[in-house]
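Next come the chains, spelled out residue by residue.
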Amino acid sequence: MSSTAEAHGHGGGQHAHGHDHAQGDHGHHDQGWFMKYFWSTDHKIICFQYLFTGMFMAVIGGFAVYVFRMQLAFPGMPVPGWGRVTASDYNALITTHGSVMIFWVAMPVLIAALGNYLIPLMIGCDDMVFPRLNRLSYQIFLVSVVILILSFLVQGGAFGGAWTAYPPLSAKSAFNLTPMGSTLWITAVALEFVAFLLGGINFVTTLMNSRAPGMKMFDVPMVVWMIIIASILFMASVGPLVAGAVMLIFDQQIGTAFFDPAKGGDPILWQHLFWFFGHPEVYVVLLPAMGITAEVITVHGRKKLFAYRTVLYTAIATGIISFFVWAHHQFIAGIDPRMANIFTVTTLIISIPVAEMVFVYIATLYGASIRLTTPMLWALGFIGEFLMGGVTGIFLGASGADIYFHDTYFVLAHFHYTFFPIAFIATFAAITHWFPKMFGRMMNEAWGKVHFWVTTISFNMIFIPLFLLGARGDHRRIYDPTHFPELMRAGMQDLRVLATVSLLILISVQVVFVANFIYSIFWGPKADKNPWRANSLEWHAPSPPPHGNFPEGLPNVYRGPYEYAHPDRGEDDHWPQHEPPPEGAKA
Amino acid sequence: MSADAHAHPSYVKIWGILLALLVVSVLGPLLEIRVITLITAFGIAVVKAYIVVRYFMHINLEKKYVAYMVGSMIVLMVLMVGAVTPDVMHHDGANWYNQAAADEVKRGMAAGEKDEHH
Amino acid sequence: MSFPRPVATMREATGMPTGRLAVWWVIASEIVIFGGILGSYIMHRLGHPEWAHQSIHTNTWIGAFNTFVLLTSSLCAVLAHQEAEKKNGPGAARYLMFTTLGGLTFLIVKSIEWTNEIKHGYTITSNTFWSFYYTAAGLHGLHVLAGMVIMLIVAADARKGKELQRVENIGIYWHFVDVVWIFLFPLLYIAK
């Protein structure tokens, strides 16, 4: 079965390739390490570049949250590994945490890494349509990472105006005290957008033009659809913010007054430009997570996805509606109340397609023969935890309730209940599910389950206390709550300590994952090419796939990706997409 | 789509039309009648853009979804501007008043008029 | 150095060549970038009648001349496409060079115009109108510059009869840059 698999399994796992390319000679035989892992145009290598960069950035984002949570739980005490946290440290840390986790962890891992890996493999072609553009996209992304890290080191330190970067705080160095840091930060963000625009165009074009023969619209695996819809959302929403970023840089460095009310500018404009991107961005990362869940629950539940088309249509509907909800972030910013009414309604409406998607997944699980493997646990965890994030969002979408909850820990806990499941739980589902394909080896299930349970429980133990704190009026962005007697009422500090201790558990248990991940890359048991007995095309390629992906020739597609437990198949409960129908069957 | 290669209208002729429209759009506002300015400047810009997109970019010869894709981006921008306008364009609303912006307008108007008297 | 193309690039499941499809997506994403800045400008402009006193100092005639230059270069770009369809690589390259020349003229005129305005004290910081004026036109100018660079590369290949499909692709992009200017011209120059 895996005679051509060449499963060497270290690093990119791309060793002795070159003899059995789908399309013959590439002349890549004697490329050096640099050319192979850094300058490569292979979509799988670019996936690993994004994946490992994202993991590295997650360490930075995680360290930032460790420091400022310690400050909140034990105000004024020196934090091990950092020292005493000053107010401007605190601002820089929360900004770094927010922007890193969204722009440099969730986006590169969920969209760029998984999109790069899965799209060509799942639609049955040998690479992205523009491999060099793909490489350029990662390189621009890498430059943005370097610029961001540089911004920590310049005079004044890292930008401390929150990831939303509202002017005038972000525009005037007299206010933010980071003359260089703020400009480097916004430059890094803008470059990152350019990188993902290039990547997004590549993804969309690849799906549109390079599907395997026979793969029709409804034969495309859901995760690919979701990544594509997310890329389109990104492309359509990021433009105004790119323009806004240019304007903000000019405000910071040249002294223009686009967002300076004293000279005729308008700071509310920035908020609109930012959230016009910022809210679709939530769905940009949510949809791939939903897609991963669809793949995992069908494979590990051995059941056809319930209502494929409904999922697709609701995803598209979610995407469209997501453009018209942004102002719910600005209910107390002084926007026109008539607009606030409209945006309340649209915000409540968007919960319908999202809820529908969740219902479809529950219907898929109903009657499935569920195997509680690690990826399946993560996927189920995602559905449950995300549900909580979604439901608490209803309170915030209603402008009346939002006026009370705005900028409290309730908001913070709400969006962490959406973002953490998206950026971590679903990502872990994806990594554990596709690990055998990526590296040709299996991860350890027992440690994987330990990692799952401890992560999930400690995650809830962080944010349930924060919900309670928020409901009692605890405000975000307060560096030292002891200065405010109303924030130090009985029990409030205990909740903060509980959240921080849970965070320490959450962070430390990630060591289990990293150890499992690295150990399995090198020494895990060898995986055959389809360890989960899944249908979609990537499992038809060897594990790990060589350059060119399908050494036996690019596959044709004969059916949808979710034909599990099909009555015509008898004993075999899966029916791979590439397998031709039996002789004599109807065409 | 090269099947239409022979059916192209003369590009030079279209260019001529575009130049004629350009002349109109420059001369129209010289009349200093607001309605005519709006029509000649912006109406003609739309016409010119349409001609370029239709005859130079050949959007009509592409698959339909190209037009939908580009069109929906434009619609999206119009909707965005529509939703932002009440906050950015106006200087007062139901319960608020943008003092700074109103002052800026007043200051600018006064300075501008003084300039013109010079 | 020739780059081996993956099979993926050759496929055309939509019936449209991959390169041209991607150019249309580029344009779609550019529409929102320019939409963002022009939308911001329009909103501010309508809310700030005093800007009329600033915009009066822009030079309509120079703007009109630049419009003429860009329209003409667009004509050259579409003629290059026509040559490319006839598989006439050198002809296409020649027209592309004319287009690039148009872009160059545009930028030279623009820099003379800006120098003049800056000399008269209308800098990017003197008023938000001028901030928008320089930012929007500057963003557009960068697109012109990028288009010229790409066009030179495409022309170099086309001269050898290679990659002729790219002539149309860069043309589409160039026409888009032209269309943006068609809107910038009345917004920044005519509306006094």
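Heads up: the structure comes first, above all this text.
Residues numbered from 1 in each chain as written. Chains lettered and ligands numbered in written order. Predicted model: local features only at pLDDT ≥ 70, side-chain atom pairs only at ≥ 80, totals over all residues. Heavy atoms only, no water.

Q: Would you explain the interface of chain C and chain B in this entry?
A: Where the parts come together, the accessible area they lose is often given as the size of the interface. If you look at the interface, chain C gives 48 residues, while chain B gives 51 residues. Carbon and sulfur atoms supply 79% of the area buried between chain C and chain B, which totals about 4400 Å² over both sides. Run the count over chain C and chain B and you get one salt bridge. Residues E62(B) and R20(C) are paired through a salt bridge, measuring 2.9 Å at the closest nitrogen-oxygen approach. In this assembly, chain C and chain B are joined by five residue pairs in polar contact (both at pLDDT 80 or more). The set of elements that each furnish at least two residues to the side of chain C that touches chain B consists of α2 (18–47), α4 (60–85) and α7 (165–190) of chain C. Sorting elements by how many residues they give to the side of chain C that touches chain B places α2(C) first, with 15 residues. Tallied by class, residues from the side of chain C that touches chain B come to 28 nonpolar, 16 polar and four charged. (Contact = heavy atoms within 4.5 Å. Buried area = accessible area lost by both parts, 1.4 Å probe. Salt bridge = Lys/Arg side-chain N within 4 Å of Asp/Glu carboxyl O. Polar contact = N/O pair within 3.5 Å; in protein donor to acceptor, adjacent residues only side chain to side chain. Helix = DSSP H or I, 4+ residues; strand = E, 2+ residues; numbered from the N terminus. Nonpolar A, V, L, I, M, F, W, Y, C, P; charged D, E, K, R; others polar.)

Q: When you look at empty space enclosed by the protein in this model, what are you seeing that I'm missing?
A: Over the atoms rolls a probe the size of a water molecule, and in doing so it shows where empty space is left. Residue and element names in this part refer to chain A. Summed over all chains, the structure comprises six cavities of 30 Å³ or more. Mapped onto the lining of the largest cavity, the elements with two or more residues apiece are α11 (374–397), α13 (409–439), α14 (445–471) and α15 (492–523). With four residues, the top contributor of residues to the lining of the largest cavity is α14. (1 Å grid on protein atoms, 1.4 Å probe; cavity = no way out; pocket = protein on both sides within 12 Å on 5 of 7 lines; lining within 4 Å. Points joined across faces, edges and corners; volume = space filled by probe spheres on them.)

Q: Mind showing me how you'd approach the pattern of salt bridges here?
A: Opposite charge on two side chains makes pairing possible when the charged atoms of those side chains draw close. Summed over the entire model, instances satisfying the criterion amount to 22 salt bridges over all chains. In this structure, the salt-bridge partner of D573(A) is R533(A), at a minimum N-O distance of 3.4 Å. Residue D573(A) is located in the segment after α15, and its partner R533(A) is located in the segment after α15; the two are separated by 40 residues in the primary sequence. Here D573(A) falls in the buried class, since its relative accessible area comes to 17%. With a closest N to O distance of 3.7 Å, E83(C) and K86(C) form a salt bridge. (Buried < 20%, exposed > 50% of the residue type's maximum accessible area, 1.4 Å probe, protein only.)

Q: Quick question: what am I supposed to make of the interface of chain A and chain C here?
A: Contacts between the two partners involve 45 residues from chain A and, on the opposite side, 34 residues from chain C. Run the count over chain A and chain C and you get zero salt bridges. Linking chain A with chain C are 13 residue pairs in polar contact (both at pLDDT 80 or more), by the criterion used here. Secondary-structure elements contributing two or more residues to the side of chain A that touches chain C are α4 (131–153), α6 (179–209), α7 (222–253) and α8 (267–301) of chain A. The residue inventory of the side of chain A that touches chain C, partitioned by class, reads 27 nonpolar, 12 polar and six charged.

Q: I'm lost on unusual backbone geometry in this one. Help?
A: A cis amide bond links P167(A) with the next residue in sequence, P168(A), at an omega value of 5°. Put simply, S543(A) and P544(A) share a cis peptide bond, and its omega is -15°. Phi at A565(A) is positive, roughly 50°, even though this residue is not glycine. Looking at the secondary structure, you find A565(A) in the segment after α15. For K87(C), which is not glycine, the phi dihedral falls at a positive 65°. Examined against the element boundaries, K87(C) turns out to sit in the loop between α4 and α5 (89–119). Owing to a relative accessible area of 66%, K87(C) belongs among the exposed residues under this scheme.

Q: What is the right way to read the environment of G161(C) from this model?
A: Within the fold, G161(C) resides in the loop between α6 (128–159) and α7. Look at G161(C) and you get partly exposed, because its relative accessible area is 42%.

Q: Would you explain the packing of α11(A) against α13(A) in this entry?
A: Geometrically, a packed helix pair is captured by the angle between its two axes and the distance between the axes. All names here are of chain A. Contact geometry of α11 with α13 gives a least axis separation of 8 Å together with a crossing angle of 160°. In terms of orientation, α11 and α13 fall into the roughly antiparallel class. Handedness of the α11/α13 crossing: left-handed. Grouping the amino acids of the contact of α11 with α13 by side-chain chemistry returns 17 nonpolar, 10 polar and one charged. (Axes fitted to C-alpha atoms, helices over the stretch in contact; angles between N-to-C directions. Parallel < 35°, antiparallel > 145°, perpendicular 65-115°, else oblique. Left-handed = near helix turned anticlockwise from the far one by under 90°.)

Q: Before we go on, may I ask you to explain α7(A) in this structure?
A: Residues and elements named next belong to chain A. Over its 32 residues, α7 runs 45 Å from end to end, which matches the ideal 46 Å to within 8%, given 1.5 Å per residue. Along α7, the sharpest change in direction is near 40° and occurs at V238; proline P240 comes one to four residues later. The buried fraction of α7 is high, at 28 of 32 residues. Just downstream of α7, G255 is the residue with a positive phi angle, here 95°. (Expected span 1.5 Å × (residues − 1). Bend = angle between axes of the 7 residues up to and from the residue.)

Any link to function would need more than the numbers given here.
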